[in-house]
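Examining the three-dimensional arrangement
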Amino acid sequence: MTTNTREYSRAHYAANRERYWESKRRWRAAHPEYKSPEKPEVRRLINRAHSHVVYAIKTGRLVRPDACSRCGVRGKIEAAHHDYSKPLEITWLCVRCHRQWDADHPKIKEED
């Protein structure tokens with residue numbers, strides 16, 4: 001028996017890959033309301049921007065502040081992107097301000 005959890009998880013996934021993906025396909029078919037609203041290319045851009053921020057924090061190029069830049073509350077501070085094509089142009093906001101800011105400043109344009 002493997003004692004390392006990561007090794008066990010990888011071995012289990014490898015042994016049950018088809019069952020895992022089949023289960024995911026069935027769940028997605030049964031729950032179409034949970035489909036991502038973004039197109040795949042937009043989702044890739046969003047993921048890329050988030051990855052850039054995580055890497056910049058890890059390497060010290062960005063420093064996550066202790067307080068929200070909008071209301072000053074301390075706690076979980078998130079990076080709010082103005083434009084996903086400019087991944088390091090961000091504003092540091094608390095969760096509450098970030099949700100409000102996203103509602104006020106939609107970045108994905110609706111197509112007519």
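In the block above lies the structure referred to throughout.
Along each chain, residue indices are assigned from 1 in the same order as the chain's sequence is written. Only residues with pLDDT of at least 70 are given local features in this predicted model, and only at 80 or more are side-chain atom pairs given and counted; all residues enter the totals for whole chains, interfaces and linings. Note: side-chain values were computed over all heavy atoms of the structure, leaving out hydrogens and water.

Quick look at the overall build of the protein now. Strands are runs of DSSP state E lasting at least two residues, helices are runs of H or I lasting at least four, and both sets are numbered from the N terminus onward. On a plain count of helices and strands, the protein comes out with four helices and two strands. In the protein, the succession of helices and strands from N to C terminus is α-α-α-β-β-α. When the 112 residues of the protein are sorted by exposure, 20% land in the buried category. Of the contacts made within the protein by residues no fewer than 6 positions apart, 42% connect residues no fewer than 24 positions apart. The protein chains shown are the only cover counted for residues, whose accessible areas, like all others here, come from Shrake-Rupley with a 1.4 Å probe. Here the protein displays about 9200 Å² of accessible surface, and carbon together with sulfur accounts for 52% of that area. Burial classes: relative accessible area under 20% of the type maximum marks a residue as buried, over 50% as exposed, and values in between as partly exposed (1.4 Å probe, protein chains only). Note on contacts: a residue pair qualifies if any of its non-hydrogen atoms lie within 4.5 Å across the two residues.

Nonpolar core, defined: a set of buried Ala, Val, Leu, Ile, Met, Phe, Trp, Tyr and Cys residues in which side-chain atoms within 4.5 Å join the residues together. Val53, Leu62, Cys68, Ile90, Trp92 and Leu93 are the most contacted members of the largest nonpolar core, which totals 13 residues. Mapped by element, the contributors of at least two residues to this core are helix 3 (40-59), strand 1 (77-81), strand 2 (90-94) and helix 4 (95-104). Here this core takes four residues from strand 2, the largest share from any one element. Dropping the residues within four chain positions of it, Leu93 is found in contact with Cys68, Ser69, Arg70, Lys76, Ile77, Glu78, Ala80, His98 and Trp101.

Our next topic: the packing of aromatic side chains. Two rings from Phe, Tyr or Trp (for Trp, the six-membered ring) form a pair when their centres sit within 6.5 Å of each other. Planes less than 30 degrees apart are called stacked, planes more than 60 degrees apart edge-to-face, and all others tilted. For the coordinates displayed, the defined rule picks out two aromatic pairs. Arranged with centres 5.4 Å apart and planes meeting at 75°, the rings of Tyr13 and Tyr20 form a pair that is edge-to-face. The partly exposed category is assigned to Tyr20, whose relative accessible area is 38%. Ring geometry for Tyr20 versus Trp21: centroids 5.1 Å apart, planes at 80°, classification edge-to-face. Within the aromatic cluster, the residues linked to one another by ring pairs are Tyr13, Tyr20 and Trp21.

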